[in-house]
Amino acid sequence: MQSRWLRFCSCQLQRRNNAWWQRTVSLSRATQIQFSSTLMGPSYDVVTNRFRSIDSDDADSFVRNNRKTRFTSKHPSNSSANESSSMPTSNEISQSAQRLLSMNTSLSKNGYALRDFERILINARENKNLLKKLHISPADARTMLLIPPQLLQDVHEAVTHYSKIDDSLVEIDIPLNNHRGASGNNIIENDPAINTIKKKVPGPMVCALLLELIGIPQYYSHISTPTSSTDSPPIMTVHSSQVDKIIECSLLTTAALSNTCRVGKNSLIGYDFNSQNIHNAHNTTRTKTAAALAEEIWRSISNMQIIYTSRNRSSDIFAEPNLQRAPVRIGRIGFIGQQEYHPEYNPLMEYIYDVRDVEDEENSVVGDFFNEQDTISDVEEDFDYGNDLSHVPWSPKDQRRYDQSLMIFNSVLNAYAALGSSASGTRPEVRREMVMNCERLLLEVVAREKTKPSPETILRHVQPDGISFNTVMKAWAGMIPKQRVDSKDEYAKKMARATAERTEGILEMMHEYHEKERAHMNTLEAIKASWRERGGRSNTLVELTKAPNGIPATPNTSSYNIALAAWSRSSDPDSTAKALDLFKRMVQRCNTACIAREAMIIDNTKVTHGKDARVFNALPDSRTFTALLSALNKKSSTFNEDCDLVLSIFVAMKEWDEQLRWCSEKKIGPPHLFCDSNRVLNEFTYNALIRTLSRLPSTNSWDEHYECCKKIDKIIEEMSEQAVIPNAITRGFGINSWAACAMKTHSDKSRVEQCAEKASIHLNELLHDSTKFETEKSVMINAINDVIILYGKASQPMKAVEVFETAKERQLYNLQSLAAIVDSLSKNSYMAISHADKAKQYLIEFEQDKMRTSPLLVFPDMKYTKMYNSVISGYLNCNKKDKGIVQAQKLLSHMIESHESNPRHLARPNTTSFVLVMSSLAYVDGPDSLERLLRKMESLYQRRKNINPNAPDAKLVANVEPNTFACNAVLKAYARVGNVQSALKLLGRMEKDKNLSSARPDVNTHAIMSTLLSADSSAKIDSDAGRHGFLNVSVINLKDLNLNGQDLKPTAKSFESMMNVYTTSGTAEGAEKATELLRQLETMNASGEISFKPERFLHNYNNVINAWCQCEKNGDASVSASEKAEAILDYLFEQHHNRVEALSPNNVSFNLCIRSWCQSGRPDAADRAEQILRRKEVFAKEHSNVFIAASDYNQVIAKWRDDQVNGPDRARKLFKEMDEVYGNAAELTARPNIVTFNSFLDVLAKSKHRNLAEECEELLKEKNELFKQGKSTILPDIISYRTCIDAWIRQWHKDSPQRVEALVKDMVKKYSEEGRKELRPDADLFNLVIKACAHATVSWHEDVEKEGSNTPISIANRTFALLRGKNKFNAKPTHATYAFMFIAYKCHLDYENSRYTQLLTMLWKQCISDGLVSQFALDSFRDSVLDYQFWRAIGGKERFATLGKTDPKTIDVDDLPQEWRRNVKPPRRRGKGTK
């Protein structure tokens, strides 16, 4: 029976069974282990009461000093019945611990705990009384770890006490001074000057200090310092009477240290357990964690050898009762234990008989044969265990020691795993090191040599169990935090995938060890059963049934759950497939090793109760499916596929429960597996299923979200049928999914109303019996808030009020509920102003209640201000504008007065509060009220600026600052009344006043000013105001704006911005007014009223030219925009001739005029553009700031494309002229480039002349050859080839398909052989080949067989087959591919041919199968077949008659199933010649 301390430790380990585990690099050199004095705070000058005694009796007397009682019971498990009365009190243990700690000098500055223990150890080894009592010779004692019994007892009591203190701090004394002699060895004892301070430390730290008094772990670290790399770990011998307490102290300490490695109160994460008191030779700069200290403690225990010196060990061995054994089945061999199976038919039985006969003969020869009827207890009476324990069976005490040692090992793994968890908050590289340490420790133990353990060496042969493997798996799984699906951290993604793969790898390792152990144990058990059936009971059985050499690690359900959880943390798209594959393997192994089959193979008694470790107990449970569903959140396929996958798992869950129910009814397998608590379908798995479904829609599709919501509702309805009551979380997920669906309705009120009604059904179920969900109150409140918001979006504010009133009655509301109802009512005030009144009522009631109950505890916050602003906005948008504006002003005034009278008042305004009201007043009120509000904003802003940021009331001041929106509202008010001077004054302040630093003019400011200066005073004041009316600059009186010595005149930049309102309008009217304003500003600059830099006028004139250019681009036919642009250029030429150099035209001026003419649709536009080019060439010869660029010629050459008669000749002339004049120009920008060449080819390709395709192809070949010879810088690109291809297609010639195919082959050759990556063919290029076939001369009436493989049909089929098959260009058919194929068949096949209809029908089916039915493909197919064939191909005429469409031409692609057009992509222009 376990003692109290062992039960406590076991509970501690089980509570942290979900810790994390790790692996690291090779161990650093072991040194003496000291407790770090840095943990106690800064370095202290320490003097301690050093324990110095001559023998152990003195040590005992020292410890017993001033104690009233003495507890001297033996092992806790053997304590007497009056244990509670004899157990020392907490106060006594505390006093004893303080005396013990005073013996440990590692707390002092120069202390050395190892030296202290060595003195204690020497005294104990020389204590004759102790040696005599323990039957130890002086020679054996010199190599043993021997501790004074009383000291060990006191340490054990103290560690047992302090290991339980993990949630509070322990106060201990820290010495301040340490007096040493000159040599540093003599300690001055009993010095009254010694001073100590009190220090509070966690209980595990006290345990570690106490453990140092018995030499753990520093003594082993000292003797294990390697002298060479081949040295094996030393063995530390311990007497059997002391080993139990040493193990118990170590177990409690490691468990306590493991607990402190987690995040929480009194956590020791980040503490360094290296001592500064170790000799300099052993100093280390590496930080020692609590896990590292726990590992050293475990190594001390795992290398202990137990010495037995008494002969009473036989009392621990129990005789095996002679019980009737159940028959055992060995696979296909048969049963052992049934008489009907004769030995000659059972090979295994025959083998057992032969072995026994051999043993009988050997025993008879040596004269040491035991009778078959002798029991094991009879044999043990005459066996001397004091000399040889190698064949002694384990006693319960041995098993307990083994279990405790294994628990210490698991505690170390747990500590490393906790430090490696992402919850620890440490750096990723530190976490990875901890996890690798954890794995390294596991693999080190697994790799140990497997030898037969004895009671002496039992601690040295501990093997990891399933918990050990699971802990390391959890360490890997928890190292990386859960990744978001849209995470951009590629390193974290790779690490998450790597950790999941590592976790799964450890699981497979467990399976490997499990299968080996299983096969070995089954064989041994069969041998043992057969031996017993024959009556054999001699010691020969010991050799036959010796302990297995494998690893007793059996994968269980937690093992698979950990691996699945690891994959769920990864954001890798493949994680879903990996998790599913792992789950399938789990189910497959369950089916292979089902419980019923296990019951027939091995001992029924153990299997029935689920105690046999060889049984595969990894049955899926609710956590398995929850982890699997969590891993399905990564969208790796379409929505429908993901949805089907989730629902298939739901079906699997129901089938699994049905299988368990059937097994339970048939009484197959262990009964404990089929109880209701083991059902897979419970509230947790249902919630995980619903959560996964709600996350499946990855687009803004309403259909996907609606489909998911319907499935979720159906699942919730099915829960009651499965006897699972939906909880608040379930209903909350249902409400949340409908709320998410409402966000995808795109303002469709009917759909929002539908979502609100569906969500309200779930809410009514929640409120129907809210007492059931008292523990889930927060979930219910969130659900209520979601429904209120939904009703607000659905324009049903009164229903939202009903829900809120119900929530108030049941005390199920919070501040978010109030914000939701206020927002819902305010947004629907356009229906009735009473909704805004109701919102204000709720808000004022809350304000009064809050300020009445706790006025001094209230802190104004943005969340309160938002609610006030929401009500203000509701009033401003209500159906009664005048009344609403008045109420909004009153509420703002209430906020201002409340804040100024009490800074802690909830109603604190911000900038938005003012701007909302001012923006509305600008349209209905005069400027006086807005000026007052602006002054109030400035006043509050000055108050905030003048207060000290560190003052207590600094955070209470309103965050109000005048901004551009507020000033624009005042400007609008000025514009309404025509107050130009005030507007200009405010504009000047906006540009220069420091108090308006956040109110700098923007485009709306200048638009308002443009309207204000307009001659049309009735112009509309809005964001487009500057585009109406004519600027009346003559009303500006800038001289009056120098008020109070402040220069408040607007800058030139403001006037430019006003003009830009017109130049960017894109209309002829705006360009005209911009021109007039520019001329007036030029006059004002000459008179000195404003100051413009001269170059700014040229910039502005270019802007006006650009404005006319935009008019030409927009197709404004009301005026010749290009003529106006050229007129501005003429004006600049005139100023140049008048010696006004600042207004001389520049490159931009010429380029804009050329562009304007190139965008014009006039017949003479190309000729006018060329004239501007000639003017620029002449001007450039005289002025160095103007130069010819290739873009000038490119525009003009491209423009000649519009003249399909004379265009080719004029373009050819310009191209040759440019090549001759600028081909070798020093300025690279003037040389012809690839754009020039492509523009010229485009002119030829678009010409009406039918013989220019040949010229295009010749030019293409010529440029390729010249570039290859180094005589040209122009290398034809893919656009050049596409332009030539387009030229051949436009020829409508019979040979066009052949010439196009040849050009494509030339591109493929250059791409493959010359490495021209830009010429890589794609689907669009191959489509052009098919298009050429479709546009070639009709040949259906000709004998095409004579042409062989060069007919249009042959070329089209060849190209189509290339696209449909696998090609090195990865080109696939598109919708245009099928469309051109339909046209090609129509033009070149005889429709009376029997193959015609079959080919087109087959092609149409392929188009549907590929999901490439576009409108283009549909039209092409319809034109290629007869009407009845078309109706049959699309599903029948009756199907579309219900839609009112009986004419084939009325059928659109949108009328066809979405699946048919799923892969159709919107067209994108990639170059010349594409469709």
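Structural notes, computed from the coordinates. Here the structure is a predicted model, which is why all the values come from computation and not from measurement. (Residues numbered from 1 in each chain as written. Predicted model: local features only at pLDDT ≥ 70, side-chain atom pairs only at ≥ 80, totals over all residues. Heavy atoms only, no water.)

**As for the pairing of strand 4 (residues 236–239)**
Burial along strand 4 is two-sided: the face carrying M236 and V238 and the face carrying T237 and H239 are both buried. Sheet analysis places strand 1 (residues 144–145) next to strand 4, joined by two bridges and oriented parallel. Note on strand 4: the bridge partner recorded for L145 is V238. Across four bridges, the pairing between strand 4 and strand 5 (residues 304–307) is parallel. Bridge pairing in strand 5 places V238 opposite I306. (Buried < 20%, exposed > 50% of the residue type's maximum accessible area, 1.4 Å probe, protein only. Helix = DSSP H or I, 4+ residues; strand = E, 2+ residues; numbered from the N terminus. Pairing = 2+ DSSP bridges.)

**A short note on unusual backbone geometry**
In this structure, the amide linkage connecting I216 to the following residue, P217, adopts the cis form with an omega of 0°. Although it is not a glycine, H135 adopts a positive phi angle of roughly 60°. When its relative accessible area of 55% is taken as the criterion, H135 is described as exposed. At Q811, a residue that is not glycine, the phi angle is positive and equals roughly 60°. Structurally, the position occupied by Q811 is in the loop between helix 31 (797–809) and helix 32 (815–827). Accessibility expressed as a relative area gives 49% for Q811, which makes it partly exposed.

**A look at the sheet that holds strand 1**
With respect to topology, three strands assemble into an open sheet ordered 1-4-5, the strand pairing being parallel. Each edge of the sheet is formed by a strand with only one pairing partner; in this case those strands are strand 1 and strand 5. Along the sheet, helix 11 (residues 240–259) contacts strand 1, strand 4 and strand 5; its crossing angle with strand 4, the most-contacted strand, is approximately 105°. (Contact = heavy atoms within 4.5 Å. Axes fitted to C-alpha atoms, helices over the stretch in contact; angles between N-to-C directions.)

**Considerations on the nonpolar core**
Core analysis: the largest hydrophobic core is formed by 218 residues, its most contacted members being I821, F914, M918, L986 and W1404. Ranked by size, the runner-up nonpolar core spans 142 residues in total, among them W298, Y416, A418 and L693. (Core = buried A, V, L, I, M, F, W, Y, C linked by side-chain atoms within 4.5 Å.)

**Some thoughts on the packing of aromatic side chains**
According to the stated counting rule, one finds 27 aromatic pairs in the structure shown. Between F846 and Y864, the ring centres sit 6.0 Å apart and the planes meet at 35°, which makes this aromatic pair tilted. Of the two residues, F846 sits in helix 33 (residues 833–853) while Y864 sits in helix 34 (residues 862–876), which places them 18 residues apart along the sequence. The class for Y864 is buried, based on a relative accessible area of 9%. For the ring pair F1421 and F1430, a centre distance of 6.2 Å and an interplane angle of 40° mean the geometry is tilted. Pair check on accessibility: F1421 and F1430 agree, each one buried. Members of the aromatic cluster, joined through ring pairs, are F1382, W1404, F1421, F1430, W1431, F1440 and W1460. For K863, the ring lying beneath its charged end belongs to Y864, and the centroid distance is 5.1 Å. In this structure, R1079 packs its charged tip against the face of Y1131, placed 4.4 Å from the ring centre. (Phe/Tyr/Trp six-rings, centres within 6.5 Å; stacked < 30°, edge-to-face > 60°. Lys NZ or Arg CZ within 6 Å of the ring centre and 35° of its normal.)

**Some words on the side chain of S411**
In this fold, S411 is placed in helix 15 (residues 396–420). Here S411 falls in the buried class, since its relative accessible area comes to 0%. A polar side-chain atom of S411 sits 2.8 Å from the main-chain carbonyl oxygen of M407. (Polar contact = N/O pair within 3.5 Å; in protein donor to acceptor, adjacent residues only side chain to side chain.)

**Quick notes on the environment of Q942**
Looking at the element boundaries, Q942 is found in helix 37 (residues 927–946). Q942 sits in the partly exposed class, given a relative accessible area of 26%. C-alpha separation for the pair Q942 and V960, spaced 18 residues apart in sequence, amounts to 9.3 Å.

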